[in-house]
Amino acid sequence: MAKSLGRHLISELYDCDEEILNDVQQIEYLMKKAAIESGATIVTSTFHRFLPHGVSGAIIVSESHLAIHTWPEYNYASLDIYTCGDSVDPWKAFYYLKDALNSKRQESQEFKRGLFSSIGVPENSAHKIEVS
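For clarity, every value in this text was computed on a predicted model and none was experimentally measured. (Residues numbered from 1 in each chain as written. Predicted model: local features only at pLDDT ≥ 70, side-chain atom pairs only at ≥ 80, totals over all residues. Heavy atoms only, no water.)

## Quick look at the packing of helix H2 (residues 24-38) against helix H3 (residues 90-100)
Condition: Axis definition: a line fit to C-alpha positions, over the contact stretch in the case of helices; interaxial angles, taken between N-to-C directions, run 0 to 180 degrees. Runs of H or I in DSSP of at least four residues are treated as helices and runs of E of at least two as strands, each being numbered from the N terminus. Should the near helix be turned counterclockwise from the far one by less than a right angle, the crossing is left-handed, whereas a clockwise turn marks it as right-handed. Note on contacts: a residue pair qualifies if any of its non-hydrogen atoms lie within 4.5 Å across the two residues. Just so you know the grouping, Ala, Val, Leu, Ile, Met, Phe, Trp, Tyr, Cys and Pro go in nonpolar, Asp, Glu, Lys and Arg go in charged, and all remaining residues, Gly too, go in polar.
The contact between H2 and H3 brings their axes to 7 Å, and the two run at 145°. Every pair of crossing elements has a handedness; the one defined by H2 and H3 is right-handed. Along its contact with H2, which presents Leu-30, Met-31, Lys-33, Ala-34, Glu-37 and Ser-38, the element H3 presents Lys-92, Ala-93, Tyr-96, Leu-97 and Ala-100. Taken together, the residues of the contact of H2 with H3 sort by class into seven nonpolar, one polar and three charged.

## Digging into the side chain of Lys-98
Our working definition: In protein, a polar contact requires one atom able to donate a hydrogen and another able to accept it; more generally it is a pair of N or O atoms within 3.5 Å, and residues adjacent in sequence count only if both atoms are side-chain atoms.
Tracing the chain through its elements places Lys-98 in helix H3. Of the polar contacts made by the side chain of Lys-98, one reaches the side chain of Asp-99; its length is 2.9 Å. In contact with Lys-98, not counting residues within four places along its chain, are Leu-13, Ser-103 and Gln-106.

## Observations regarding the pairing of strand E2 (residues 42-49)
Rule in force here: Following DSSP output, two strands are said to pair if at least two bridges run between them.
In the sheet, E2 pairs with strand E3 (residues 55-61) via seven bridges, with the strands oriented antiparallel. Its bridge partner being in E3, Phe-47 is matched across the sheet by Gly-57.

In structure tokens form, the structure reads like this:
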């Protein structure tokens, strides 16, 4: 497996609970809980409810970010979960949110960010990723 600085999940959540998707306080709570579930350290967050419906928001974590955009009218949410370092598992955040939003169908892709081979760090390096 290629070593990298970070892991980036791009996820589509379908057939979610419409009421939850339109509740800005609930979405912020669930996103914070997902960050904690993944092992991340929350720095700050910002969320906005659109009229007539929909929520967008982001949790900034020491290890990068978690973002969500919801379309309650389509029972759909898009997730962007980017984590750096070895102590955080973005899949734990994904699985938590999938269940919390009652998603019945999902699509996800994981991308490695900052591949050691591309940025000039030897694969066998004992390089420690610092997260502040």
